[in-house]
Amino acid sequence: MLDPNSNPRDGRREFLKSIGLGAATVATFGGRAWAEDGPAKDKDAPAATADSMILLWMAGGQAHTETWDPKTYTPYVKGMESKAVISTFDSIPTSVDGLRISEGLPECAKVMHKGTLIKTFQAPDLGKILHSRHQFHWHTGYVPPQSVNVPSIGGFMARTLGSRSKGAPAYVDIGQRFDVGGEDFEVKAFHTAGFLGDDYGPFFVPQPAEATTVVRPPTGMSRKRFRDRMERFHKLQALKVAGSSSKLGDEYIKRIDSAFELMESPAASAFDLSLEPKEVYDKYNTGRFGLGCLLARRLVEAGSRFIEVTTEYIPFFGWDTHEDGHARLVEMMRSIDMPIAQLIRDLDERGLLKRTLVVVASEFSRDMLMEGKPGEPVDDQVVVPDLVTEPKHYGMHRHFTGAGSVVVFGGGAKQGHVHGETADERPFTSVKDPVTISELHATFFTMMGIRPDHAYEIDERPVYATEDGKGKPIRGILA
């Protein structure tokens, strides 16, 4: 029985243990799972052409010349000159006349008529190129470090628009773990809502195959028993007396309430991938990213607003190809090809693609065969060979910001369209209609019905959707 003379905050802390919701579990929910105050009212907002956004994040630096914008194919020959290698994959035709992409993306080639390929994304020069700096810039629109904790575009959309249905988390992050080594803190920094607060932060699902574990009671506890404990918990909350609460404690309580409401809502079933027909599940099941795409589709159907699915950033893994570039990309493209194409097909067949913005992007591209330039030292120790003497030398390795590919499907983007041109000879940079992060973000926000200069204030300083509110949408890709 509760002691009415006890400190309510002490009681609440003890009660968390009794209902089975400890700190780690509650933190998984990222605060309030939706924006209860609803969409921000802005009479000057553009008419939205998209209701939801899915960001398919190719973490680590996806080489454009090996994927969406291939150049002349150069097969492996031991002893060839490093500078002679252009693309290590042949190209194949797509469903768009005249457009060819890598042979490693045969399924995506079949759906290119549903979207726009931007060939000329140019990342800025941030000095010493660190992936986390560029990923932070891409996700927030601001170059780190900043004097305030700026929100990611997902957090900004969650705050401004909320979720599309009560119970569905507005902002979901799928596939990223945070034990990545020396860049743990930096990677976490762009997976937040920043100063907007945890209420609008992401709902984390590191393992989509196990997604149901975050929307059901702890192991061994029935739903009835869980509901009974939540009822006791709310009675305990009612015992609060004036002055006994704290901002931190109240925010924690809101997280618990959000977690419970999600568990009890129809949206919880979206996390159960076993409900999918086997033939559909198998098409997505190329690994964590593929199942993440399936979960993203189900979350759009349930009413989520912004969903990111990542191939996951871990230094020197995934698209971060510092060696064995060609061999690694064979596997990476195999893991993304069918899931991306199937996601587009499924959304289209369900009538959702028209109002769902799907973006495939990476922090920057890659160009040279090896890190640095032939004959020049790397980290003052390794000299890059002028000749390709081992398979590990074959493939794009050097970070490159002069051009990069972004693919945009649905949500009001043109279909079967190509924006910009890149050079056919090294360094394969943008030669027509280059695109910046600010312009990309302005385009996405405009499609979602948010002004690029929409702002929230912290410390008497406005923080805009795009840097300084100056981003302009790329009108040429809008239908």
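Residues numbered from 1 in each chain as written. Predicted model: local features only at pLDDT ≥ 70, side-chain atom pairs only at ≥ 80, totals over all residues. Heavy atoms only, no water.

**Q** Give me the pattern of salt bridges: which residues, what numbers.
**A** Enumeration over the complete set of coordinates arrives at 22 salt bridges. Linking Arg345 and Glu107 is a salt bridge whose minimum nitrogen-to-oxygen distance equals 2.8 Å. Separated by 238 residues along the polypeptide, Arg345 in helix H11 (residues 325-349) and Glu107 in helix H3 (residues 106-109) bring together distant segments of the chain. Of the residues examined, Arg345 reaches a relative accessible area of 22% and is grouped as partly exposed. In this structure, the salt-bridge partner of Asp346 is Arg350, at a minimum N-O distance of 3.7 Å. Overall, Asp346 belongs to the buried group, its relative accessible area being 3%. A relative accessible area of 37% places Arg350 in the partly exposed class. Residues joined by salt bridges that share partners form a network here, namely Glu276, Arg297, Arg298, Glu301, Asp346 and Arg350. (Salt bridge = Lys/Arg side-chain N within 4 Å of Asp/Glu carboxyl O. Helix = DSSP H or I, 4+ residues; strand = E, 2+ residues; numbered from the N terminus. Buried < 20%, exposed > 50% of the residue type's maximum accessible area, 1.4 Å probe, protein only.)

**Q** Requested: an account of the side chain of His64, with residues and values cited.
**A** Structurally, the position occupied by His64 is in the loop between strand S1 (52-57) and strand S2 (91-93). The exposure class assigned to His64 is buried, which follows from its relative accessible area of 1%. Side-chain polar atoms of His64 contact the side chain of Ser365, separated by 2.5 Å. Setting aside residues up to four positions removed in sequence, His64 forms contacts with Asp69, Pro70, Ser365, Arg366, Phe400, Ala403, Gly404, Ser405 and Phe428. (Polar contact = N/O pair within 3.5 Å; in protein donor to acceptor, adjacent residues only side chain to side chain. Contact = heavy atoms within 4.5 Å.)

**Q** Outline unusual backbone geometry, listing residues and values.
**A** Across the junction of Pro144 and Pro145, the peptide omega takes the value -5 degrees, indicating a cis bond. Along the chain, Pro145 falls in the loop between helix H4 (131-140) and helix H5 (153-161). Look at the link from Arg426 to Pro427: it is a cis peptide, with omega at 15 degrees. Take Pro427: it is sitting in the loop between strand S15 (421-422) and strand S16 (430-432). For Asp459, which is not glycine, the phi dihedral falls at a positive 50 degrees. You will see that Glu460, though not glycine, has its phi angle at about 60 degrees, which is positive. With respect to the secondary-structure elements, Glu460 resides in the loop between strand S17 (455-458) and strand S18 (461-464).

**Q** An account of the nonpolar core is requested, with residue identities and associated values reported.
**A** Membership of the largest hydrophobic core comes to 56 residues, with the highest contact counts inside it found for Leu56 and Phe409. By size, the runner-up hydrophobic cluster in this structure holds 49 residues, among which are Met157, Leu357, Phe444 and Val463. (Core = buried A, V, L, I, M, F, W, Y, C linked by side-chain atoms within 4.5 Å.)

**Q** Break down H4 for me, with residues and values.
**A** Burial runs high along H4: 9 of the 10 residues are buried. His131, Ser132, His134, Gln135, Phe136, His137, Trp138, His139 and Thr140 are the residues of H4 that are buried. Gly141 sits one or two positions beyond H4 and adopts a positive phi of about 85 degrees.

**Q** How would you explain H11 if you had to name every residue and give the values?
**A** Spanning 25 residues, H11 covers 36 Å between terminal C-alpha atoms, matching the ideal 36 Å at 1.5 Å per step. In the segment just after H11, Gly351 is the residue with positive phi, at about 75 degrees. (Expected span 1.5 Å × (residues − 1).)

**Q** Account for the packing of aromatic side chains, with residues named and values stated.
**A** Tallied over the entire structure, the rule returns 8 aromatic pairs. Their ring planes at 65 degrees and their centres at 5.4 Å tell us that Tyr76 and Tyr394 sit as a pair that is edge-to-face. Taken together, the residues Tyr76 in the loop between S1 and S2 and Tyr394 in the loop between strand S11 (382-383) and strand S12 (399-400) connect sequence positions 318 residues apart. Within the aromatic cluster, the residues linked to one another by ring pairs are Trp57, Trp138 and Phe444. (Phe/Tyr/Trp six-rings, centres within 6.5 Å; stacked < 30°, edge-to-face > 60°.)

**Q** Describe the pairing of S18, and please don't skip the residues or the numbers.
**A** For a regular strand, side chains alternate in direction, first toward one face of the sheet and then toward the other. Taken together, the 4 bridges between S17 and S18 define a ladder with antiparallel strand orientation. If you follow Ala455 over to S18, its bridge partner there is Tyr464. The turn joining S17 and S18, which pair antiparallel and follow one another in sequence, is formed by 2 residues; a positive phi near 50 degrees is taken by Asp459. (Pairing = 2+ DSSP bridges.)

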